[in-house]
Amino acid sequence: MSNNLLSVRSLKKRFGGLEAVNVDKFDLNKNEITSLIGPNGAGKTTFFDLITRFQNSDSGSISFDGKNVTSLNSYKLARLGMVRTFQLTRVFDRMSVYENMQFAGSSINNEGFLNSLIQSSSLKNQEKLLTEKINETLELLNLSEMKNAYARELSGGQKKLLELGRSLMKSPKILLLDEPLAGVNPKLSEQLLEIISNLNKNGINILMVEHNIDAVMKISERVVVMAEGKIISDGKPDFVRSDKNVIEAYLGSSDE
Ligand SMILES: Nc1ncnc2c1ncn2[C@@H]1O[C@H](COP(=O)(O)OP(=O)(O)O)[C@@H](O)[C@H]1O
Ligand SMILES: [Mg+2]
C-alpha cells in the first residue's frame with residue numbers, strides 16, 4: 001500500500017499580476033506532522049485554499065488518498081477526509097458550544113439520513129453516536145465544562161479549541177490548521193500543541209501553517225517553507241532552520 005496521502009503537481013494561482021501560488025511538487029506521507037511556514041503574503045493560506053478546494057487553481061493537479069480530487073468541491077473533499085480550519089475562527093457565536101459541535105457533526109451524515117427515516121431505530125442510534133462523539137471530543141479539548149455556554153462567551157483561545165473540535169466532528173484523515181496558535185495565550189498554546197500531537201498519534205495527519213517558530217520546530221517532523229508563492233525549503237526542522245534560502249526569505253535578500 002502506498003504511503004502517499006496528498007500529492008500536488010504544478011499548482012498555480014494568480015491574482016492579477018501577482019503569482020500567489022506556484023508549487024511544482026508537494027507530497028505528504030501518511031502519519032506526519034508537517035508545518036508550512038513563510039513570511040506574510042508567501043501564499044500559505046492560498047495554498048491551503050487550493051488544496052482544500054475552497055478556491056480554484058489556475059492549473060495543476062491534486063490527488064488525495066489515491067483519488068484525483070483536482071475538480072472536486074470542498075464539501076465532498078471534506079467528506080473524503082480533508083478538513084481544514086481557518087485563520088480567523090468561524091464558530092457560530094449565537095449557538096452553544098454543544099450546538100456548534102452538533103452542527104458540524106450533522107453535516108457529515110446527510111447521505112444516511114434517508115435510511116434513518118426508514119429505520120427510526122437507526123436514527124436514534126445515529127443521534128446517540130453523535131452525542132457520544134461530541135462529549136468525547138469536548139473532553140479531549142478540555143471544553144466539557146463550557147458545553148452549554150454560548151460560543152461568544154469563550155476566550156479567543158477557547159474558540160480556537162472549538163473550531164478544532166468542529167473539524168474533528170468530520171472525522172478527518174488530514175487536518176489543515178491555519179495558524180492554530182495565533183492569538184492564543186502561552187499556556188493554552190502548550191495545551192493545543194499537545195492536543196495536536198495526540199491527534200497525530202491517533203492517526204490524523206497534520207499540516208499546519210504557524211508563525212510561532214519555536215512551536216513549529218518542537219512539534220513538526222517536517223517543515224516546508226514558502227516564499228513568494230514557491231516552496232523554497234523542505235526538510236527536517238534542523239535542516240530548515242539553518243538553510244540559507246530560508247534565512248534570506250525572512251530577512252530579505254542578503255547577498256551583499
Ligand atoms: N483574493 C485575493 N485577491 C487578491 N490578492 C490576494 C487574494 N488572496 C490573497 N492575495 C494575495 O496573495 C498573496 C498570498 O496571500 P496569502 O496566501 O494570504 O499569504 P500568507 O497566508 O502566506 O500570508 C498576498 O500577496 C495576498 O495579498
Ligand atoms: Mg495566511
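Look up: the structure comes first, before these words.
Figured I'd write up the structure that's included with this text. Along each chain, the written sequence defines residue order, and numbers are assigned to residues from 1. Chain A is the first chain written and ligand 1 is the first ligand written, with later ones labelled in order. Predicted model: local features are reported for residues with pLDDT of at least 70 only, side-chain atom pairs are reported and counted for 80 or more only, and whole-chain, interface and lining totals are derived from all residues. Values reported for side chains reflect all heavy atoms of the structure, with hydrogen atoms and water molecules removed beforehand.

**Topic: the nonpolar core**
Residues Leu162, Leu164, Leu175 and Ile206 are the most contacted members of the largest nonpolar core, which totals 34 residues. Only DSSP runs of H or I covering at least 4 residues are called helices, and only runs of E covering at least 2 are called strands; the numbering of each starts at the N terminus. Mapped onto this core, the elements with two or more residues apiece are helix 3 (97-106), helix 5 (120-140), helix 6 (156-168), strand 7 (174-178), helix 7 (186-201), strand 8 (205-209) and helix 8 (213-219). A per-element tally of this core places helix 7 first, with six residues. Pairs of residues are marked as contacts when any of their non-hydrogen atoms sit within 4.5 Å. Sequence-distant contacts of Leu162, that is, excluding residues within four places in its chain, are made with Val91, Val97, Asn100, Met101, Leu143, Ala151 and Leu154. To form a nonpolar core, buried Ala, Val, Leu, Ile, Met, Phe, Trp, Tyr and Cys residues must be joined to one another through side-chain atoms within 4.5 Å. Note on exposure labels: buried denotes an accessible area under 20% of the residue type's maximum, exposed denotes more than 50%, and partly exposed covers the range between, all computed with a 1.4 Å probe on protein chains only.

**Some thoughts on the side chain of Ser35**
As for its placement among the helices and strands, Ser35 is situated in strand 3 (residues 33-37). Given a relative accessible area of 0%, Ser35 falls into the buried group. Beyond its immediate sequence surroundings of up to four residues, Ser35 is in contact with Met208, Val216, Ser220, Arg222, Val223 and Val224.

**Some thoughts on the site of ligand 1**
For ligand 1, the full set of nearby residues is Phe15, Leu18, Ala20, Pro39, Asn40, Gly41, Ala42, Gly43, Lys44, Thr45 and Thr46. Any pair of N or O atoms that falls within 3.5 Å is considered a polar contact. Within protein, one atom must be able to donate a hydrogen and the other to accept it, and sequence-neighbouring residues count only if both atoms are side-chain atoms. For ligand 1, an oxygen atom lies 3.0 Å from a polar atom in the backbone of Gly43. Elements with a contribution of two residues or more to the shell around ligand 1: strand 2 (18-29) and helix 1 (44-51). Counting residues per element, the shell around ligand 1 draws most heavily on helix 1, which supplies three residues. Being near a molecule or strand, for a residue, comes down to having at least one heavy atom within 4 Å of it.

**Describing helix 3**
Within the sequence span of helix 3, burial applies to Val97, Tyr98, Asn100, Met101, Ala104 and Gly105. On an axial view of helix 3, the arc spanned by its buried residues comes to 160°, and they lie on one face. The arc in question is the one spanned by the directions pointing from the helix axis to the C-beta atoms.

**Digging into the sheet that holds strand 10 (residues 230-235)**
On the basis of which strands lie adjacent, the open sheet formed by six strands has the order 6-7-8-3-9-10 and mixed pairing. On the outer flanks of this sheet lie strand 6 (82-84) and strand 10, each paired with one strand and no other. Neighbour-to-neighbour, the strand axes of this sheet turn through a mean angle of 20°, independent of strand direction. Strands in contact with helix 7 are strand 3, strand 7 and strand 8; relative to strand 8, the strand with the most contacts, it is inclined by about 145°. A strand pair is defined by DSSP finding two or more bridges across the two strands. Interaxial angle, 0 to 180 degrees, is taken between N-to-C directions of lines fitted to C-alpha atoms, where a helix line uses only the stretch in contact.

**Here's the deal with the packing of aromatic side chains**
Pairs were defined over the aromatic rings of Phe, Tyr and Trp, the Trp ring being its six-membered one, requiring ring centres within 6.5 Å. Orientation was assigned from the angle between planes: stacked under 30 degrees, edge-to-face over 60, tilted for the rest. The full count for this structure, using the stated rule, is three aromatic pairs. A ring pair is formed by Phe54 and Phe86, whose centres lie 5.3 Å apart and whose planes are at 85°; its orientation type is edge-to-face. One end of the pair, Phe54, is in the loop between helix 1 and strand 4 (59-64); the other, Phe86, is in the loop between strand 6 and helix 3, with 32 residues separating them in the sequence. Judged by its relative accessible area of 42%, Phe54 falls in the partly exposed class. Classification of Phe86 as buried rests on a relative accessible area of 15%. Above the plane of the ring of Phe54 lies Arg84, whose end atom (NZ or CZ) is 4.9 Å from the centre. The aromatic ring of Tyr150 is capped on one face by Arg152, whose charged end is 4.5 Å from the ring centroid. Over a ring means this: the NZ of a Lys or the CZ of an Arg is within 6 Å of the ring centre and within 35 degrees of the ring normal.

**Re the pattern of salt bridges**
By salt bridge we mean one thing: a side-chain nitrogen of Lys or Arg within 4 Å of a carboxyl oxygen of Asp or Glu. If you walk through the whole model with that rule in mind, you get 13 salt bridges. Across the pair Arg9 and Asp27 runs a salt bridge, and its minimum N-O distance is 3.1 Å. Residue Arg9 is found in strand 1 (residues 4-15), and its partner Asp27 is found in strand 2; the two are separated by 18 residues along the sequence. With its nearest N and O atoms 2.9 Å apart, the salt bridge here joins Asp65 to Lys173. Residue Asp65 is found in the loop between strand 4 and strand 5 (67-68), and its partner Lys173 is found in the loop between helix 6 and strand 7; the two are separated by 108 residues along the sequence. Among the charged side chains, a salt-bridge network with shared partners connects Arg9, Lys25 and Asp27.

**Some details on helix 7**
Here helix 7 contains 16 residues, and its C-alpha end-to-end distance of 23 Å stays within 8% of the 22 Å for a straight helix at 1.5 Å per residue. All of the buried residues in helix 7 are Leu188, Ser189, Leu192, Leu193, Ile195, Ile196, Leu199 and Asn200. Down the axis, helix 7 shows its buried residues gathered within 165° of arc, on one side only. Exposed and facing more than 90 degrees away from the buried side of helix 7 are Lys187, Glu194 and Lys201. Two or three places before Lys187, at the opening of helix 7, Asn185 has a side-chain oxygen 3.1 Å from that residue's backbone nitrogen. Downstream of helix 7 by one or two residues, Gly203 has phi in the positive range, about 95°. Take the number of residues in a helix, subtract one, and multiply by 1.5 Å to get its expected span.

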